[in-house]
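Structural description and commentary
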Amino acid sequence: MALPEFTMRQLLEAGVHYGHQTQRWNPRMGEYIYGDRNGIHIIDLTQTVPMLDQALKVVRDTVAKGGRILFVGTKRQAQKAIAEAAEKCAQFYMNHRWLGGTLTNWQTVSKSIQRLKQIDELMAHGAEGLTKKERLNLEREQSKLQASLGGIREMGGTPDLIFIIDVGKEDLAILEAQKLGIPVVAVVDTNCSPKGVDYMIPGNDDAARAIALYCDLIARAALDGMSAQLGAAGVDLGALETAPEEEAVAEADA
C-alpha cells in the first residue's frame, strides 16, 4: 500500500473550496482565502493540497509507530462518516458528544467504559434475575453509554493523534489535547480559528461530500501506516491476504 492520492479535481467536486459567508470569517484564516464569490469566501486549494498531504503523512507515521488515532466529529453531517472511517482502519472515534475530561480525566472515563462492558455482559446473558423495570433502566443506560463511549471502548488510554472535523464545535477536544501535548490534525473552515491545530487542512467542514472525502483519506492513510507497521514486524501481508482462500480450498479438497 501507499499513501492515498487525491487530486485538485476531487477536492473541487467535493466542495472543499467553499468557505463561509464573507461577513462570518476569521481573520486568522485570511492567508488561506483565495477570494470570494457571491458573498462566499473561496479557499485557496493550492495551499490545501500540500497541507492535506502533510496531514496524511502524519497519520500514516503515527499508526506505523503503533500509535492510536481518535477521530472526532459530533456534528450531524459528520457522525456517520467519522464512525465508518475509524472502524475501517481499526481506530477510535467520538461522534455523539464530546465528554469533558475524555482525555484529561481518562481514569473517570475508563470507569464508565468498564460500566458499559459490564452491562453488555449482563445483557448478553439475558439479564437474568432482573425485573422488567430494572432491565429497562439498564437498557437505557447501555444505550446512553454506547452512544457516548462505544467508539473509544477499546482505546485503552489516551490517543497519540486526534483528527477533528469542525474545530469550532470541538474546541474542548482541542483544549484537552493541548494540555496533554497530543497533536491535532483538523479541517479548518474560513469562520474558525486554527489555534491549537498542529496540522491544519484548510477546507469546508459542512458539506457531507467534503467530510466523507477527508475521512476516507485519513482512514486510508492509517491503513497504510498499519501495513508499514506489520511489514516492519516481519508479517507477510501478501500471505495474510491469500491464506484464508487457501485454507478454504484445502478444506474443500478434504
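Above this text you will find the structure in question.
The sections below set out a description of the structure shown in this document. Residue numbers restart at each chain and count upward from 1, following the sequence in its written direction. In keeping with the model being predicted, local features are shown solely for residues with a pLDDT of at least 70 and side-chain atom pairs are shown and tallied solely at 80 or more, while totals for entire chains, interfaces and linings include all residues. Side-chain numbers come from the whole structure's heavy atoms, not from hydrogens or water.

Brief notes about the nonpolar core
Across soluble globular proteins, nonpolar side chains have a tendency to be buried as a group. As a reminder, the rule being used: What we call a nonpolar core is a set of buried Ala, Val, Leu, Ile, Met, Phe, Trp, Tyr and Cys residues that are connected through their side-chain atoms within 4.5 Å. Relative accessibility decides the category of a residue: with a 1.4 Å probe and only protein chains considered, values under 20% of the type maximum give buried, values over 50% give exposed, and everything between is partly exposed. In DSSP terms, a helix is any run of H or I states spanning at least four residues, a strand is any run of E spanning at least two, and both are numbered starting from the N terminus. Contacts are assigned to residue pairs that have any heavy atoms within 4.5 Å of one another.
One finds F71 and F163 to be the most contacted residues of the largest nonpolar core, which totals 38 residues. Taken together, the elements giving at least two residues each to this core come down to α2 (45-64), β4 (69-72), α3 (76-88), β6 (161-165), β7 (184-188) and α7 (208-232). Examining the composition of this core, we find that 10 residues originate from one element, α7, more than from any other. Excluding residues within four positions of it along the chain, F163 makes contact with L70, F71, V72, I82, V185, V187, I201, Y214, C215 and I218. Judged by nonpolar contacts, the second largest core, of 35 residues, contains Y32, I119, A127 and L145.

Describing the packing of aromatic side chains
For clarity, the threshold we go by: Working definition: a ring pair exists when centres of Phe, Tyr or Trp rings (six-membered ring for Trp) sit within 6.5 Å. Plane angles under 30 degrees give stacked, over 60 give edge-to-face, the rest tilted.
According to the stated counting rule, one finds 1 aromatic pair in the structure shown. Note on F71 and F163: the rings are 5.6 Å apart at their centroids and 80° apart in plane angle, and the pair reads as edge-to-face. Highlighted residues: F71 in strand β4 and F163 in strand β6, separated in sequence by 92 residues. Overall, F71 belongs to the buried group, its relative accessible area being 0%. A relative accessible area of 0% places F163 in the buried class.

Observations concerning the sheet that holds strand β5 (residues 92-94)
Selection criterion: The pairing criterion is simple: DSSP has to find at least two bridges between the two strands. What counts as an axis is a line fitted to C-alpha atoms, over the stretch in contact for a helix, and the angles between N-to-C directions run from 0 to 180 degrees.
Judged by pairing direction, the sheet is parallel, and its 5 strands sit side by side in the order β5-β4-β6-β7-β8 without closing on themselves. Each of the sheet's edge strands pairs with one partner strand only, and the pair in question is β5 and β8 (199-202). When the angles between neighbouring strand axes are averaged without regard to direction, this sheet yields 20°. The strands that α3 touches are β4, β5 and β6; relative to β5, the one it contacts most, it runs at about 165°.

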